[in-house]
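An overview of the molecular structure
The lines below spell out each chain.
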Amino acid sequence: MNPHRGDQPVLITSAAPSHQEQLAARRRRYAVMMSLRIPCIVLAVVFAKIWWLALALILLSVPLPWMAVLIANDRPPRKAETPRRPRPFRRAITSGDRHP
C-alpha cells in the first residue's frame, strides 16, 4: 500500500452506475414521493374544519403521483468526473544512492 496516494480510491472508469443501482434509486424516490401523499390526505381530513387548509393539502396531494412518476423515470445525470489513474511510486534519488 502506498502511503502517498491518500485515502480516496482511484477511479479507473467513467462508467455509469449499473442498471440495478439506478432502478433501486428510482424506486426509492418514487416511494418517498408517494408516501408524502398519504399524510397530506390524512391531514386534510384532520383539518376539515379549516376548509382552506384542508383544500390546500388536497390540492398539494393531487399532482404528487404525476410528479413522482416523472422524477422516478428521469435518468440520473452523467457525472463530469474524469478517471484518476494510479501514479507509479517513484523515490527521489539522494546523494547516498549514487555509486561512484
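Values in this document were obtained by computation on a predicted structure and should not be read as measured data.

Here we come to a nonpolar patch on the surface. Side chains of Ile38, Val42, Leu43, Val46, Phe47, Ile50, Trp51, Trp52, Leu55 and Leu59 sit close together on the surface and give an oily, nonpolar patch of about 1000 Å² of accessible area. Counting residues per element, the ones that place at least two in the nonpolar patch are helix 2 (37–46) and helix 3 (51–61). Residue classification places leucine 43 among the partly exposed positions, given a relative accessible area of 37%.

Here we take up the confidence of the model for the protein. Taken over all residues, the pLDDT of the protein has a mean of 78, while the share at 70 or more is 60%. By mean pLDDT, the top-scoring element of the protein is helix 3 (93), and the lowest-scoring one is helix 4 (residues 64–73) (87).

Now for helix 1 (residues 19–35). Between the first and last C-alpha of helix 1 there are 24 Å, a value that for 17 residues agrees with the 24 Å anticipated at 1.5 Å per step. Within helix 1, burial applies to Gln22, Arg26 and Met33. The buried residues of helix 1 all sit within an arc of 35° when viewed along its axis, so they share a single face. Opposite the buried face of helix 1, by more than 90 degrees, sit the exposed residues Gln20, Arg27 and Arg28.

About the criteria used
- Residues numbered from 1 in each chain as written.
- Predicted model: local features only at pLDDT ≥ 70, side-chain atom pairs only at ≥ 80, totals over all residues.
- Heavy atoms only, no water.
- Patch = residues over 30% accessible without salt bridge, like charges linked within 9 Å, V, L, I, M, F, W, Y side chains within 5 Å.
- Areas by Shrake-Rupley, 256 points an atom, 1.4 Å probe, with all protein chains shown as cover.
- Salt bridge = Lys/Arg side-chain N within 4 Å of Asp/Glu carboxyl O.
- Helix = DSSP H or I, 4+ residues; strand = E, 2+ residues; numbered from the N terminus.
- Buried < 20%, exposed > 50% of the residue type's maximum accessible area, 1.4 Å probe, protein only.
- pLDDT = per-residue confidence, 0-100.
- Expected span 1.5 Å × (residues − 1).
- Arc of directions from axis to C-beta.

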